Amino acid sequence: MSPFARQNGVLHAESVSLIDIASHFGTPCWVYSRHALETAFDEFQQELIGLDSLICYAVKANSNLAVLDIFARRGAGFDIVSAGELKRVLAAGANPRKIVFSGVGKTAAEMELALGIGILCFNVESAAELERLDAVAGRAGKKAPISLRVNPDVDAKTHPYISTGLKENKFGVACADARALYRHAATLANLEITGIDCHIGSQLLHPAPFDEALDKLLLLIDQLTADGIVLHHIDLGGGLGIRYRDEEAPTVKAYLQPMLEKLKERQLQVLLEPGRRLVGNAGLLLTRVEYLKPGEIRNFAIVDAAMNDLARPALYGSWHDIVPVAPRSGIASLWDIVGPVCESGDFLGHGRPLALAAGDLLAILSAGAYGMVMSSNYNTRPRAAEVMVDGAAANLVRRRETVEELYALEQRLP
Ligand SMILES: *Cc1c(COP(=O)(O)O)cnc(C)c1O
């Protein structure tokens, strides 16, 4: 059952009416379902039963402490990309030994912090980073556990902004260079080679590119074994897509089974870094129609959420379903759902067939991933509140910012 379903016509999150959430917490407002988050996580766990494995949730998809807490309680590890995310997951109760650190631009200070905490692995993305990590670990008197993020040069067939596994992308080290770099890493005194890693892109809708990437990694692993470099884990990254509109996203089983089959005979711990798939369909953005502005060419419904809240439509041209919380009878017209921000790119959806009146509540669906985390204060708009629904309870998990907070760090000239 969907965590967001209608009862007597009114859209609910689990058993809480979105009308009640809007009147209690105001709009715009992010609404998450605890049950949906847990179900999505369990779907992965199910496929990994009996395997030496670790699901490292990719924190950047949605980093609210309550979301992290829910996954940590279920035994998840975390994939982080900054010192900020590291502190966040620790605040949410993460086990340091289940944290992997990805990203092309780790600073020395970030490395030092992560080394001190004793994370599971650094996913190293370049030769230069390897040298820096070795130096930082040496100064700290520590041995840094590493994997190399290999760029398998496969086409993930997704939006160019979220495709990461092609030669032309900035991520990882080229397959052709990886063997030599591993051999070099093996000579560095302050590093300990523990794994191999790849992540080829986001919102992937076909299992084939994952499988293709795995084949390239397995080939490399065999070469490394011949070199006397024995790995402890393989990290297959994240990237599994979700349904926004009519996409046929693979089941977790269809995505994982072929890969796990190939890994069966190997003595490797399997790490995964899912982000979007765990949170995307577990959240929505609740907004209220401020004005209707019908026109000769287009009809605009101006709502109180905007591109500063949900950037994905403006950034990637992505499509989110937009549904009325309490549908009204009457003839539907085509509406452009737009925000109040001073940009023509400030839209949430174009040409949506809806019967609308000012004051109506709309739910922008599948907004749990890359939603709140990408929001900004553009136009001095306070970031929206976040609410986690848990059965019949609606818990505020981040209060709405105040305008005063937005300029509290600024000052006028002396
Ligand atoms: C973004 C990212 C992920 C998560 O990607 P999703 O598409 O959200 O699953 C995993 N690993 C790395 C290294 C990433 O950059």
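Residues numbered from 1 in each chain as written. Predicted model: local features only at pLDDT ≥ 70, side-chain atom pairs only at ≥ 80, totals over all residues. Heavy atoms only, no water.

## Details of the sheet that holds strand β3 (residues 16-17)
Here is step 1 of the chain: Here three strands make up an open sheet; going across it, the order is β1-β2-β3 and the pairing antiparallel. Looking at strand neighbours, the two that pair on one side only are β1 (4-7) and β3, the edges of this open sheet.
Here is step 2 of the chain: Pairing of β1 with strand β2 (residues 10-13) involves four bridges; the strand directions are antiparallel. In the strand pairing of β2, Q7 is matched with V10. (Pairing = 2+ DSSP bridges. Helix = DSSP H or I, 4+ residues; strand = E, 2+ residues; numbered from the N terminus.)

## With respect to the side chain of N123
Here is step 1 of the chain: Within the secondary structure, N123 is located in strand β8 (residues 121-124).
Here is step 2 of the chain: Overall, N123 belongs to the buried group, its relative accessible area being 0%.
Here is step 3 of the chain: At 3.1 Å, the side chain of N123 forms a polar contact with the side chain of E273. (Buried < 20%, exposed > 50% of the residue type's maximum accessible area, 1.4 Å probe, protein only. Polar contact = N/O pair within 3.5 Å; in protein donor to acceptor, adjacent residues only side chain to side chain.)

## Details of the UniProt feature "binding site: substrate" (unreviewed entry) in the chain
Here is step 1 of the chain: The positions UniProt marks with the feature "binding site: substrate" (unreviewed entry) are R276, R312, Y316, E343 and Y370. These annotated residues cover 95 residues of sequence, and their C-alpha atoms reach 27.1 Å apart at the extreme, placing them across more than a single site.
Here is step 2 of the chain: Summarising the element assignment, R312 is placed in helix α11 (residues 312-316).
Here is step 3 of the chain: Overall, the relative accessible area of 4% leaves R312 in the buried class.
Here is step 4 of the chain: Other than its neighbours up to four places away in sequence, R312 contacts Y244, R276, G317, S318, H320, A369 and Y370.
Here is step 5 of the chain: Within the secondary structure, Y316 is located in helix α11. (UniProt positions renumbered as here; feature names shortened; annotations may be inferred. Contact = heavy atoms within 4.5 Å.)

## Concerning the UniProt feature "modified residue: N6-(pyridoxal phosphate)lysine" (unreviewed entry) in the chain
Here is step 1 of the chain: The positions UniProt marks with the feature "modified residue: N6-(pyridoxal phosphate)lysine" (unreviewed entry) are K60.
Here is step 2 of the chain: Along the chain, K60 turns up in the loop between β5 (53-58) and α3 (65-73).
Here is step 3 of the chain: The class for K60 is partly exposed, based on a relative accessible area of 38%.
Here is step 4 of the chain: Those residues in contact with K60 that lie beyond four places of it in its chain are E85, Y370 and V373.

## A few points about the site of the ligand
Here is step 1 of the chain: The environment of the ligand is made up of 14 residues, and the closest members are K60, S202, E273, R276 and Y370.
Here is step 2 of the chain: Here the ligand loses 94% of its free accessible area of 380 Å² to cover by the protein chains. (Near = heavy atom within 4 Å. Areas by Shrake-Rupley, 256 points an atom, 1.4 Å probe, with all protein chains shown as cover.)

## Section: the packing of aromatic side chains
Here is step 1 of the chain: Inspection of every chain in the model, using the stated rule, returns six aromatic pairs.
Here is step 2 of the chain: Seen in terms of ring centroids, F210 and Y255 are 4.6 Å apart; in terms of plane orientation they differ by 70°. Their pairing is edge-to-face. Taken as a pair, F210 in helix α8 (residues 208-226) and Y255 in helix α9 (residues 252-263) lie far apart in primary sequence, 45 residues in all. In this pair, the class of F210 matches that of Y255, namely buried.
Here is step 3 of the chain: Sitting over the face of the ring of F101, K106 holds its NZ or CZ atom 5.6 Å from the ring centroid. (Phe/Tyr/Trp six-rings, centres within 6.5 Å; stacked < 30°, edge-to-face > 60°. Lys NZ or Arg CZ within 6 Å of the ring centre and 35° of its normal.)

## Observations concerning the nonpolar core
Here is step 1 of the chain: The biggest cluster of nonpolar side chains holds 100 residues, and the ones touching the most others in it are Y57, F71, F122, I234 and I337.
Here is step 2 of the chain: The biggest single contributor to this core is α8, with eight residues.
Here is step 3 of the chain: Both domains that meet at this core, namely domain 1 (4-32 + 280-406) and domain 2 (34-276), each give it at least three residues.
Here is step 4 of the chain: Ignoring sequence-local partners within four residues, the contact set of Y57 consists of N62, V67, L68, F71, G77, F78, D79, P274, G275, L278 and V279. (Core = buried A, V, L, I, M, F, W, Y, C linked by side-chain atoms within 4.5 Å. Domains from an automatic or database assignment.)

## What about the domain arrangement of the chain?
Here is step 1 of the chain: Annotation of the chain at the domain level lists domain 1 (4-32 + 280-406) and domain 2 (34-276).
Here is step 2 of the chain: The distance between the C-alpha centroids of domain 1 and domain 2 comes to 33 Å.
Here is step 3 of the chain: With 23 residues of domain 1 at the interface, the matching set in domain 2 holds 21 residues.
Here is step 4 of the chain: Each partner contributes to the roughly 1900 Å² buried at the junction of domain 1 and domain 2, and carbon and sulfur atoms together form 56% of this total.
Here is step 5 of the chain: On the domain 1 side of the contact with domain 2, Y316, W319 and Y370 bury the most area, a combined 32% of that side's loss. (Buried area = accessible area lost by both parts, 1.4 Å probe.)

## Examining α9
Here is step 1 of the chain: Taking 1.5 Å as the rise per residue, α9 with 12 residues should run 16 Å; its terminal C-alpha atoms sit 16 Å apart, in good agreement.
Here is step 2 of the chain: All of the buried residues in α9 are V252, Y255, L256, M259, L260 and L263. One face of α9 carries all of its buried residues, which in axial projection span an arc of 105°.
Here is step 3 of the chain: Those residues of α9 that are buried lie in contact with α2 (34-47), α8, β12 (233-235), β13 (269-272) and α10 (276-279). (Expected span 1.5 Å × (residues − 1). Arc of directions from axis to C-beta.)

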